[in-house]
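Residue-level structure breakdown
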Amino acid sequence: MLTEQAKKELERQHYRVVGEHSAVKVCGWTKKMIRGEGGCYKLKFYGIMSHQCLQGTSSISCANRCTFCWRGYKAPVSKEWKWGVDDPEFIIDESVKAHHDLLVGYGGYEKLNKKIYEESKTVKHVALSLTGEPIMYPRFNELIKGFHNKGISTFVVTNGQYPEAIETLEPVTQLYISMDSPNKENMRVVDKPLFPDYWDRFLRSLDAMKQKKFRTTVRLTLIKGINMIEPESYAKLLGRADPDFIEIKAYMWVGESRERLKKENMPFYEDVHAFAQDLKAVLPEYELVTDHKPSRVVLLAKKKFKKSDGWYTWIDFEKFFTLLQEGKEIIAEEFTKRTPQQTMPKIDEATPEIEFWQED
Ligand code: SF4
């Protein structure tokens, strides 16, 4: 899939290419957690232990050229799979190995949290999203099962250009669809899709998501001045997918996206909140749960995840694996845990100036 030069370029950016078409890269939040500086927003929202999370993809290639993506426009794109197909077990084993190799240097870090570092040697979660379109990989379901057999939970992010892969998808721990635009024309500008029928594919993917009983999320990446428009149109699309959770997140001005967008396109935390409120106003089935300021992201959840003592958006991973082992149907409400931090967001404070990096 990659030329030697493209591979070298990715390695220069601290990726490790695995086999012919997969890759891993240590997430900035994994490193932060090992340094004892806190975890990612998925820790706060869902209980993902950031130090035990592997960030990877099973396909570096993608069928879009999203303007906000940190990938360069030289990264491989294709509508069809036209490469060899690596074995799922090989991808899992080599990805875990590469992830650990990349983390080895952290053992000597002076501010290291030793307990956390030791725990980081056991991968418990995989976020399949890093770069490209992971679901394109022809043996994706086998890959998912392989991760689950090893006790590794699966977060899968897709841009909705392969509806048939979503229709036939085996249960994952949490499925994401990226919703980057409220209408067809805006999506053409924002995502620069290769498929001429990109909008129909996207709509079919939303319909496929609606059929899933396991945990589903739609993520909006807000780009100021470009797609922060038409909350009613977003609401209509969201109704079609009927996700359990909606993440409303700021575009981050990182990587090669800086050549296509300006820093001013990155919404402030307050802008994200304002848009989340606009959306909530037209989505009566959802409520605002909490947010994560450093990532400028707000979580909306379906009211069914709220009990008398508060929100239950965390994942009971033990229960999830038990249900899988027993061959039971994976139903979102059956493996939840109480969300520990249910603080209502404070939006009157200034957005902190922090280091930004790519995060799935
Ligand atoms: S890859 Fe995603 S889920 Fe994993 S630590 Fe990073 S931000 Fe969190």
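Criteria and cut-off values
Residues numbered from 1 in each chain as written. Predicted model: local features only at pLDDT ≥ 70, side-chain atom pairs only at ≥ 80, totals over all residues. Helix = DSSP H or I, 4+ residues; strand = E, 2+ residues; numbered from the N terminus. Buried ≥ 20, exposed ≤ 12 C-beta atoms within 10 Å, placed from the backbone. Contact = placed C-beta atoms within 7 Å. Pairing = 2+ DSSP bridges. Axes fitted to C-alpha atoms, helices over the stretch in contact; angles between N-to-C directions. Expected span 1.5 Å × (residues − 1). Parallel < 35°, antiparallel > 145°, perpendicular 65-115°, else oblique. Nonpolar A, V, L, I, M, F, W, Y, C, P; charged D, E, K, R; others polar. Core = buried A, V, L, I, M, F, W, Y, C linked by C-beta atoms within 7 Å. Right-handed = clockwise from strand over helix to strand, strands pointing away. Near = placed C-beta within 6 Å. Left-handed = near helix turned anticlockwise from the far one by under 90°. pLDDT = per-residue confidence, 0-100.

**Side note on the overall build of the protein**
When its secondary structure is counted, the protein shows 12 helices and 14 strands. Across its three principal axes, the protein shows a C-alpha extent of roughly 50 × 45 × 45 Å. Expressed as a percentage of its 360 residues, the buried residues of the protein come to 46%. If you take every contact in the protein between residues at least 6 apart in sequence, the share linking residues at least 24 apart comes to 74%.

**Thoughts on the sheet that holds strand β3 (residues 53–57)**
Ordered in space as β1-β2-β3-β4-β5-β6-β7-β8-β10-β9, the 10 strands form an open sheet in which the pairing is mixed. Each having just a single partner strand, β1 (16–18) and β9 (286–292) make up the two edges of the open sheet. Adjacent strand axes in the sheet meet at a mean angle of 25 degrees when their direction is disregarded.

**Some points on helix α9 (residues 198–210)**
Taking 1.5 Å of rise per residue, the 13 residues of α9 would be expected to cover 18 Å, and the 19 Å separating its terminal C-alpha atoms lies within 8% of that figure. Turning to α9, the residues buried within the fold contact α7 (163–167), β6 (174–178), α8 (184–191), β7 (216–222) and α10 (231–241).

**Concerning the packing of α9 against α10**
One way to put it is that α9 packs onto α10 with a least axis distance of 6 Å and a crossing angle of 50 degrees. Our classification of the angle between α9 and α10 gives oblique. Contact residues: α9 offers Leu203, Leu206, Asp207, Met209 and Lys210, while α10 offers Leu237, Arg240 and Ala241. A class-by-class count of the residues in the contact of α9 with α10 yields 5 nonpolar, no polar and 3 charged.

**Observations regarding the nonpolar core**
Counting residues in hydrophobic clusters, the biggest one holds 94 residues, and the most contacted among them are Val156, Leu222, Ile248, Val272, Leu300 and Ala301. Apart from the residues within four sequence positions on either side, Leu300 is in contact with Phe245, Ile246, Ile248, Ala276, Lys280, Leu283, Tyr286, Glu287, Leu288 and Val289.

**Let's talk about the pairing of strand β5 (residues 153–158)**
Burial analysis of β5 places 6 of its 6 residues in the buried class, the great majority of the element. Sheet topology places strand β4 (residues 125–128) next to β5; 4 bridges connect them, and they run parallel. Of the residues in β5, the one forming a bridge with Leu128 is Val156. For the handedness criterion, the β-α-β arrangement of β4, helix α6 (residues 140–149) and β5 is classed as right-handed. In this structure, β5 lies alongside β6, joined through 4 bridges in parallel fashion. Each residue of the ladder has a partner; that of Val156, found in β6, is Leu175.

**Thoughts on the site of the ligand**
Around the ligand sit 12 residues, and of these Cys27, Cys40, Ser50, Cys53 and Gln55 come closest. Contributing elements (two or more residues each) for the shell around the ligand: α2 (28–34) and β3. A breakdown of the residues in the shell around the ligand according to their chemical character gives 6 nonpolar, 3 polar and 3 charged.

**Notes on the pairing of β6**
Most of β6 sits inside the fold, with 5 of its 5 residues counted as buried. Residues Gln174, Tyr176 and Ser178 point to one face of β6 and Leu175 and Ile177 to the other, with burial holding for every one of them. Of the pairings in the sheet, the one linking β6 to β7 comprises 4 bridges and is parallel in character. Bridge assignment links Tyr176 to a residue of β7, and that residue is Thr217.

**What to know about the packing of helix α4 (residues 88–103) against α6**
Where α4 contacts α6, the axes come no closer than 8 Å and their chain directions differ by 50 degrees. With respect to their mutual orientation, α4 and α6 come out oblique. Crossing hand, α4 versus α6: right-handed. Within the contact between the two elements, α4 uses Pro88, Glu89, Ile91 and Ile92 and α6 uses Glu142, Leu143, Gly146 and Phe147.

**Some remarks on the confidence of the model for the protein**
Within the protein, residue pLDDT values average 92, and 94% of them lie at 70 or more. Counting interchain partners and residues more than four positions distant, the pLDDT-below-50 stretch residues 347–354 has 9 contacts.

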